[in-house]
Amino acid sequence: MVDKLVGLITGALAGKLGKAGICFVISLFPILELRGGLLAASPAFLDVPLTTAVPVCIIGNLLPIPFVLLLIERILILMEKISFTSGIAGWLRRKAEKNQDQIVKYGFWGLVLFVGIPLPGTGAWTGSLVAALLHMPFKKAFTACILGVLMACVIMCIVSYGVLGTLFG
């Protein structure tokens, strides 16, 4: 699914942004995040040099996280008061509740692992949502997200540039 979304977005932005810009935009998106950005940057798609792709995707993935940590609770409360957005707010709260056990059980390192292991439904967006709703201190949550994004970066570099680089390089 991620590869299809990456292909769709890459095709839509081709000619409008440079290759690094496309990777940056993809890294901003929830669900896709850094893993989608590095996949787009890989030899299988845009063939962006690793030394360019890594900082661009890390910055793109981390940029929204402070805003999520600081504002999501207020945004959800507001959304719950508006009839046509209350369902989305409820879905986000249920998603956070579903994923909070690992983070509560293991604390800081649980959040690092949750953000860092690139599986569907994990990542910095969901991790910061859960951390904010658990009222984890900002500095602790943001640091865990940074470490998790760096872990995901290492894993995705191996996949995108190692495995896919060998196949498509």
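The rules behind these values
Residues numbered from 1 in each chain as written. Predicted model: local features only at pLDDT ≥ 70, side-chain atom pairs only at ≥ 80, totals over all residues. Heavy atoms only, no water. Helix = DSSP H or I, 4+ residues; strand = E, 2+ residues; numbered from the N terminus. Buried < 20%, exposed > 50% of the residue type's maximum accessible area, 1.4 Å probe, protein only. Lys, Arg positive; Asp, Glu negative; His and termini not counted. Salt bridge = Lys/Arg side-chain N within 4 Å of Asp/Glu carboxyl O. Phe/Tyr/Trp six-rings, centres within 6.5 Å; stacked < 30°, edge-to-face > 60°. Core = buried A, V, L, I, M, F, W, Y, C linked by side-chain atoms within 4.5 Å. Contact = heavy atoms within 4.5 Å. Polar contact = N/O pair within 3.5 Å; in protein donor to acceptor, adjacent residues only side chain to side chain. Disulfide = S-S within 2.5 Å.

Caption draft 1: Examining the side chain of Arg-35 more closely. Relative to the assigned elements, Arg-35 resides in helix 3 (residues 33-41). Summary of buried charges: Arg-35 has no salt-bridge partner, and the nearest side chain of opposite charge, Glu-33, is 4.4 Å away.

Caption draft 2: Focus on unusual backbone geometry. Notably, Glu-33 is not glycine yet its phi reads approximately 50°, a positive angle. With respect to the helices and strands, Glu-33 occurs in helix 3. What makes Glu-33 buried here is its relative accessible area of 2%. One non-glycine residue, Asp-47, lies in the positive phi region at around 55°. Within the secondary structure, Asp-47 sits in the loop between helix 3 and helix 4 (50-62).

Caption draft 3: Region of the structure containing the packing of aromatic side chains. Scanning the entire structure with this criterion turns up two aromatic pairs. The interplanar angle of 90° and the centroid separation of 4.9 Å between the aromatic rings of Phe-108 and Trp-109 together place this pair among those described as edge-to-face. On the accessibility criterion, Phe-108 (17% relative accessible area) is buried.

Caption draft 4: Seen up close, the nonpolar core. Among the nonpolar cores identified, the biggest contains 50 residues, and Cys-23, Leu-34, Leu-38, Leu-76 and Leu-111 are the most heavily contacted of them. Elements represented by at least two residues in this core include exactly helix 1 (2-13), helix 2 (19-28), helix 3, helix 4, helix 5 (65-81), helix 6 (83-116), helix 7 (124-133) and helix 8 (138-168). Excluding its chain neighbours within four sequence positions, the residues that come into contact with Leu-38 are Ala-53, Val-54, Cys-57, Cys-153, Met-156, Cys-157, Ser-160 and Tyr-161.

Caption draft 5: Spatial organisation of the pattern of salt bridges. For the structure on display, the rule yields two salt bridges. Note that Arg-93 and Glu-73 form a salt bridge whose closest N and O atoms lie 3.2 Å from each other. Taken together, the residues Arg-93 in helix 6 and Glu-73 in helix 5 connect sequence positions 20 residues apart. Of the charged contacts in the structure, one is a salt bridge between Arg-93 and Glu-80, with a shortest N-O distance of 2.5 Å. With Arg-93 in helix 6 and Glu-80 in helix 5, the pair connects residues that are 13 residues apart, well separated along the chain. For Glu-80, a relative accessible area of 35% corresponds to the partly exposed category.

Caption draft 6: Geometry of the side chain of Asn-99. Here Asn-99 lies in helix 6. A polar contact is formed between the side chain of Asn-99 and the backbone oxygen of Lys-95, at a distance of 2.9 Å. Excluding residues within four positions of it along the chain, Asn-99 makes contact with Phe-114, Gly-121, Thr-126 and Val-130.

Caption draft 7: Local environment of the state of the cysteines. In this structure the tally under the stated criterion is zero disulfides. Cysteine Cys-23 remains unbridged, with the sulfur of Cys-57 as its closest cysteine sulfur at 5.0 Å. Note on Cys-145: no disulfide assigned, nearest cysteine sulfur contributed by Cys-153 at a separation of 15 Å. A relative accessible area of 0% places Cys-145 in the buried class.

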